[in-house]
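One letter stands for each residue in the lines below.
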Amino acid sequence: MNSRNEELFARSQKVIPGGVNSPVRAFRSVGGTPRFFTRGQGAWLWDADGKAYVDYVGSWGPMILGHAHPEVIRAVQETAVHGLSFGAPTERELEMAELLTRMLPSLEMVRLVSSGTEATMSAIRLARGFTGRNVIVKFEGCYHGHADALLVKAGSGALTFGQPSSSGVPADTTRHTLVLDYNDTAGLEQAFAVQGDDIAAVILEPVVGNMNLVRPTPEFIRALRDLTSRHGAVLIFDEVMTGFRVGPACAQGLFGVKPDLTTLGKVVGGGMPLGVFGGRRDIMEKLAPLGGVYQAGTLSGNPVAVAAGLATLRLIQVPGFFDRLSATTQRLVSGLEASARTRGIEFCGESVGGMFGIFFRSAPPTSFAEVMTSDKERFNRFFHAMLDRGVYLAPSAFEAGFVSAAHGDDELRLTFEAADAAFDSLAG
Ligand code: KE4
């Protein structure tokens with residue numbers, strides 16, 4: 001037992017299932033020992049052995065400014081000294097709600113919650129309450145948190161209702177969830193043709209990050225908006241990952257689409273527990289205490305989490321922020337592609353704003369089936385070769401990566417040097 005990470009992991013597995021508080025952190029997809037981080041600063045993390053890493057996970061998206069940004073830390077400190085939680089309205093959460101409705105035109109009203117899962121779970125219930133319908137449409141490869149109704153895998157055949165993708169979820173709960181193929185416009189049209197008037201909502205990641213990165217086709221986005229409008233179904237953009245990550249007006253701003261409801265998380269809390277759901281006033285006003293759809297939370301709108309979120313949202317609105325972030329992310333992907341190409345390794349990348357995907361396949365995938373043809377084993381070897389050289393990528397071939405405003409020339413140079421050696425080790 002030579003590493004403090006290994007020692008901590010051995011201890012942790014005795015008292016926390018899998019040694020982690022969220023499964024993907026356990027490195028089961030890539031193998032090896034998860035790193036226990038002790039601190040982060042800017043684009044960097046340090047693990048329990050004191051080893052430094054350039055961080056491309058960024059806590060799975062929230063850390064868009066980099067770790068421990070002084071203005072965010074100060075906002076948290078200045079708020080915390082006046083009390084952590086009141087369970088009552090505060091001006092600060094009103095400020096956050098007003099800011100969000102200014103930043104996203106589709107948000108006429110919002111509710112603050114404590115996680116992305118809470119946001120999507122609430123949005124689904126609200127859509128069902130608003131429409132009086134039960135059927136929810138989601139897409140294979142999209143992840144929306146761990147609410148029962150959304151832990152669903154595709155049914156045995158097209159247009160058959162989903163089966164639970166987790167034990168502990170009653171089949172009854174998922175029998176109203178239809179799982180279709182992402183970017184399959186014909187399949188979506190057929191579902192609406194057959195069951196359109198029973199569909200309460202369609203929920204999707206408008207740029208997928210949870211089967212690694214997959215962009216939507218323009219016709220798929222158009223069909224989603226047309227069909228849901230025509231059939232009175234609620235269109236929910238789950239922007240927990242893409243929200244204020246792919247652009248200042250999220251993915252809906254990139255695509256020029258107004259969803260009926262939007263869910264947010266990650267960046268919006270700046271690293272603190274904060275989720276948001278919101279959208280059309282006529283839908284949101286169905287929520288208690290106004291309407292019959294119940295939703296609540298002890299720490300909803302928590303002042304300290306909101307302070308971190310407000311500081312973050314203010315800082316990402318500085319002119320040129322997303323141009324710079326997108327340029328850095330594109331440079332990262334292009335540099336990795338060039339390194340692999342030089343060595344004749346089949347590899348490609350894709351980026352949207354400050355998120356990226358890398359694949360051991362010849363072209364960026366456009367569907368779940370295509371993602372599954374990527375060479376997972378090669379990714380796992382690449383992951384560890386980069387980790388050994390101080391570059392922390394997402395510990396799964398099926399997760400997107402994230403760049404922060406703190407990533408600069410030095411971090412890219414180190415990353416490319418590590419990638420040259422890592423690709424050499426694969427070519428060898
Ligand atoms: P949380 O409950 O983890 O805050 O959010 C759930 C969620 C909802 N919607 C989307 C599009 C998401 O990406 C997520 C959470 N994303 C994962 C990363 N793949 C969080 C990391 C984890 O599960 O540990």
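Rules and cut-offs
- Residues numbered from 1 in each chain as written.
- Predicted model: local features only at pLDDT ≥ 70, side-chain atom pairs only at ≥ 80, totals over all residues.
- Heavy atoms only, no water.
- Helix = DSSP H or I, 4+ residues; strand = E, 2+ residues; numbered from the N terminus.
- Rg over C-alpha atoms; globule rule 2.2 N^0.38 Å.
- Buried < 20%, exposed > 50% of the residue type's maximum accessible area, 1.4 Å probe, protein only.
- Contact = heavy atoms within 4.5 Å.
- Areas by Shrake-Rupley, 256 points an atom, 1.4 Å probe, with all protein chains shown as cover.
- Expected span 1.5 Å × (residues − 1).
- Polar contact = N/O pair within 3.5 Å; in protein donor to acceptor, adjacent residues only side chain to side chain.
- Near = heavy atom within 4 Å.
- Nonpolar A, V, L, I, M, F, W, Y, C, P; charged D, E, K, R; others polar.
- Domains from an automatic or database assignment.
- Pairing = 2+ DSSP bridges.
- Phe/Tyr/Trp six-rings, centres within 6.5 Å; stacked < 30°, edge-to-face > 60°.

Enquirer: What am I meant to see in the overall build of the protein chain here?
Expert: On a plain count of helices and strands, the protein chain comes out with 14 helices and 16 strands. Taking 22 Å as the expected radius of gyration for a compact globule of 428 residues, we find that the protein chain reaches 21 Å, a close match to that expectation. Summarising its shape, the C-alpha atoms of the protein chain cover approximately 60 × 55 × 50 Å along the three principal directions. The burial tally for the protein chain puts 55% of its 428 residues in the buried class. For the protein chain, contacts bridging at least 24 residues in sequence account for 71% of all contacts bridging at least 6. As displayed, the protein chain offers around 17,600 Å² of accessible surface, 52% of which is attributable to carbon and sulfur atoms.

Enquirer: How do you make sense of helix α4 (residues 116-131) when you look at a structure like this?
Expert: One full turn of an α-helix is made of 3.6 residues, so residues set three or four places apart face in the same direction. If you check α4, its first and last C-alpha atoms are 23 Å apart, about what 16 residues at 1.5 Å a residue would give, namely 22 Å. Two or three places before threonine 117, at the start of α4, stands the capping residue serine 115, its side-chain oxygen 3.4 Å from that residue's backbone nitrogen. Following α4 by one or two positions, glycine 132 has its phi on the positive side, about 70 degrees.

Enquirer: Is there a simple way to think about the side chain of arginine 133 in this case?
Expert: With respect to the helices and strands, the residue arginine 133 is situated in the loop between α4 and β5 (135-139). At a separation of 3.1 Å, a polar atom in the side chain of arginine 133 contacts the main-chain carbonyl oxygen of aspartate 197. Within the structure, arginine 133 has its side chain in polar contact with the backbone oxygen of histidine 231 (distance 2.7 Å).

Enquirer: Any chance you could explain the site of the ligand here in plain terms?
Expert: Around the ligand, 16 residues are found, and the nearest of them are Ser22, Thr117, Asn210, Asp238 and Glu399. Separating an oxygen atom of the ligand from a side-chain N or O atom of serine 22 is a distance of 2.6 Å. For the ligand, a nitrogen atom lies 2.4 Å from a polar atom in the side chain of asparagine 210. If the ligand stood free it would expose 540 Å²; the protein chains cover 85% of that surface. Split by residue class, the shell around the ligand holds five nonpolar, seven polar and four charged. Composition of the shell around the ligand by domain shows at least three residues from each of domain 1 (4-64 + 320-427) and domain 2 (70-315).

Enquirer: How do you make sense of the environment of glutamine 13 when you look at a structure like this?
Expert: The residue glutamine 13 is located in helix α1 (residues 4-15) in this model. Assessed through its relative accessible area of 40%, glutamine 13 is described here as partly exposed. Between the C-alpha atom of glutamine 13 and that of alanine 223, which follows or precedes it by 210 residues, the distance is 46 Å. Setting aside anything within four residues of it in sequence, one finds glutamine 13 in contact with Gly18 and Gly19.

Enquirer: So what exactly am I meant to see when it comes to the sheet that holds strand β13 (residues 348-352) here?
Expert: Across a sheet, strands are paired by hydrogen bonds formed along the backbone, either parallel or antiparallel in direction. With respect to topology, three strands assemble into an open sheet ordered β13-β14-β16, the strand pairing being antiparallel. At either margin of the open sheet sits one strand with a lone partner, and together these are β13 and β16 (401-402). Direction of pairing for β13 relative to strand β14 (residues 355-359): antiparallel, over a ladder of five bridges. Among the inter-strand pairings, valine 352 is bridged to a residue of β14, identified as methionine 355.

Enquirer: Got a minute to help me understand the packing of aromatic side chains in this structure?
Expert: Two aromatic rings are characterised by how far apart their centres lie and by the angle between their planes. As enumerated under the stated definition, the model contains 17 aromatic pairs in all. Note on phenylalanine 139 and tyrosine 182: the rings are 6.0 Å apart at their centroids and 90 degrees apart in plane angle, and the pair reads as edge-to-face. With phenylalanine 139 in strand β5 and tyrosine 182 in the loop between β8 (177-180) and α6 (185-195), the pair connects residues that are 43 residues apart, well separated along the chain. Looking at phenylalanine 139, the relative accessible area reads 0%, which means it is buried. Owing to a relative accessible area of 3%, tyrosine 182 belongs among the buried residues under this scheme. Geometrically, the ring pair formed by phenylalanine 382 and phenylalanine 423 is stacked, given 4.6 Å between the ring centres and 25 degrees between the ring planes. Taken together, the positions of phenylalanine 382 in helix α13 (residues 376-388) and phenylalanine 423 in helix α14 (residues 409-427) put the pair 41 residues apart, joining distant regions of the chain.

Enquirer: Whenever I open this one, the sheet that holds strand β2 (residues 44-47) confuses me. Can you help?
Expert: In space, the four strands of this open sheet follow the order β1-β2-β3-β15, with mixed pairing throughout. Only two strands of the sheet have a single partner each, and these edge strands are β1 (37-41) and β15 (391-392). Looking at chain direction, β1 and β2 are connected through four bridges and run antiparallel. Bridge pairing in β2 links glutamine 41 to tryptophan 44.

Enquirer: Any chance you could explain the environment of leucine 204 here in plain terms?
Expert: Secondary-structure assignment places leucine 204 in strand β9 (residues 199-204). Residue classification places leucine 204 among the buried positions, given a relative accessible area of 0%. In sequence terms leucine 204 and leucine 310 are 106 residues apart; their C-alpha atoms lie 26 Å from each other. Discounting chain neighbours no more than four positions away, the residues touching leucine 204 are Phe139, His144, Tyr182, Phe220, Leu224, Leu235, Ile236, Phe237 and Asp238.

Enquirer: Which parts of the structure should I look at to understand unusual backbone geometry?
Expert: Backbone phi values are negative for most residues with the exception of glycine, while trans is the configuration of most peptide bonds. For the bond running from alanine 288 to proline 289, omega is 5 degrees, close enough to zero to count as cis. Note on placement: proline 289 falls in the loop between α9 (281-284) and α10 (303-315). Positioned with a positive phi, alanine 68 is a non-glycine residue whose angle comes to about 55 degrees. For alanine 68, the location among the structural elements is in the loop between β3 (52-55) and α2 (70-80). One non-glycine residue, asparagine 183, lies in the positive phi region at around 70 degrees. Within the secondary structure, asparagine 183 is located in the loop between β8 and α6.

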